[in-house]
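# Residue-level structure breakdown
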Amino acid sequence: MVVLHSDLRWAIQIAARTFCYFGPARSDSRPDTPASVHTPARSTASNWAAITSTATDKPSICTADELHYVSVRNSDWRLALWRYKPPPKAPRRNHPLLLLSGVGTNAIGFDLSPESSFARHMSSQGFDTWVLEFRGAGLSTAGDRSAEILKPVNAISEQINSTIKNESIEQSQNIKSNVLPEIEVSSAQGSVEAAQNSSIARQIRDLSQRLINIIEEGQRSVSPPFLDLQENLFKKIEDLRKQLDLIGKYDWDFDHYLEEDIPAAMEYVRIQCKPKDGKLLAIGHSMGGILLYAMLSRNGFEGRDSRLASVITLASSLDYTTSRSSLKLLLPLADPAQALNVPVIPMGLLLAAAYPLASRPPYALSWLNPLISAQHMDPELLEKFVLNNFCTVPAKLLLQLTTAFREGGLSDRSGNFFYKDHLHKSNVPVLALAGDRDRICPPEAVYETVKLIPKHLVSYKVFGEPNGPHYAHYDLVGGPEAAYQVYPFIINFLGHHDVI
């Protein structure tokens, strides 16, 4: 556990040094939108603008049948919705199904491959299935994107590249003494800007030093050098370079998802599918389930209809105080002063850099894999999940989530409204599932929330047997045994509550 803490602190430090110099969005940037996709006029009735990409013009990364975009009110974010349409011979259902993923993840976790696809399986059972990518995740976009690539990040990439290619640690240590040349600062725009640029130079040199140290550790313990690590790391850096103009927009928390993103997505799906009673079915994994609990609580408190026919949560809880969740490692972020130095956490970059250390001898970070799966997950699918499913998130989102580890459980951004206090006021049927080997959201954490829901409305089950198979955090969604054990249980619950 000591190692785990130090690794987390390392990740936070890297995040701080990587992004503390990212500036606001450029006002002269242009949309990064395919020419074949057009934006129809904003609807005055629903106030939601939308784009629909057909199978012929959507990005290749999107494996859904359709890709839709919905604009968020009072925001320039356009949220991506992956749609999986039921085949003609599938059972007819009354309600569409909305899937919500975990913190810092995109839609790929629900659709890793044709043989391992939670979303595709649900649609094959007749459910018109939609996967929401929250703001900042996956294919969701924020207004205009800048095509400009900052030279400092180029310098970082080039310096790391040259260091990795060195065959001896001695050579790389020589480079360490002069990681990055001093960046000359022009005083033409005033002393304030000069001071800021000087600070940027120091931060870049510090980042380069830290990354080189990490890579050296890999060189000491593994031969040949980590060429795949190099490739994956630079791919992530390249992706982040394209996000530079968005960093100023990475200013949201849990409540933004709850109050803006989910309502926009639900309204859009209702308009598209037109359920007779205006309700949806919803499944949330990890943070996605936490959001569904929070929605039920808030609507119960305010006496509003949640417009949900039923809810399923997978490995989710509003209160982790009684559990031994590994997410308690987020608590170092709770210091506001520290948070100010970490505006965003590049989860995708960090996991891409760490994954080779977890999946190859001598398995220095082997503790990562059991956090994801306790089953014999296909190595290629596991790699795809780790390297492609995670995104950059604001530190203030993680800061709000850490309140789930304090007395009273998860609270809103004001700290005055505790979501667990009003969950008993909901009238929506809930199925809560847990995994017996889930170290992120252990069964005891799941039950801590389940016990707050009226008994006639809640069902609870822990998956996993003494002799196996066992279920870790992701196994409920994409584990090899999920299609045979978990999916039928879910479909039975959905079918029972898919009534008008």
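Data block above holds the structure.
Rules used throughout
- Residues numbered from 1 in each chain as written.
- Predicted model: local features only at pLDDT ≥ 70, side-chain atom pairs only at ≥ 80, totals over all residues.
- Heavy atoms only, no water.
- Helix = DSSP H or I, 4+ residues; strand = E, 2+ residues; numbered from the N terminus.
- Buried < 20%, exposed > 50% of the residue type's maximum accessible area, 1.4 Å probe, protein only.
- Contact = heavy atoms within 4.5 Å.
- Areas by Shrake-Rupley, 256 points an atom, 1.4 Å probe, with all protein chains shown as cover.
- Polar contact = N/O pair within 3.5 Å; in protein donor to acceptor, adjacent residues only side chain to side chain.
- Salt bridge = Lys/Arg side-chain N within 4 Å of Asp/Glu carboxyl O.

### Comments concerning the overall build of the chain
Looking only at helices and strands, one finds 16 helices and twelve strands in the chain. Taking all 500 residues of the chain together, 56% fall into the buried category. Within the chain, residue pairs in contact and separated by at least 24 positions form 79% of the contacts whose partners lie at least 6 positions apart. Taken as a whole, the chain presents about 22,000 Å² of accessible surface, with 51% of it coming from carbon and sulfur.

### A word on unusual backbone geometry
Between G468 and P469 the backbone carries a cis peptide bond, its omega angle lying at 0 degrees. Within the element layout of this structure, P469 appears in the loop between β12 (458-463) and α15 (475-478). Non-glycine residue K274 carries a positive phi angle of around 55 degrees. Here A315, not a glycine, exhibits a phi torsion of approximately 60 degrees, which is positive. Its location among the elements puts A315 in the loop between β8 (308-314) and α9 (336-340). Among the residues examined, A315 registers a relative accessible area of 0% and is labelled buried.

### Let's talk about helix α12 (residues 379-388)
The complete set of buried residues in α12 reads L381, L382, F385, V386 and L387. Sitting at the amino-terminal end of α12 is D378, which places a side-chain oxygen 2.9 Å from the backbone nitrogen of E380.

### As for the pattern of salt bridges
In this structure the tally under the stated criterion is 14 salt bridges. The salt bridge partner of R83 is E66, with a shortest N-O separation of 3.4 Å. Taken together, the residues R83 in strand β3 (residues 77-84) and E66 in strand β2 (residues 66-71) connect sequence positions 17 residues apart. Residue E66 is classed as buried on the basis of its relative accessible area of 16%.

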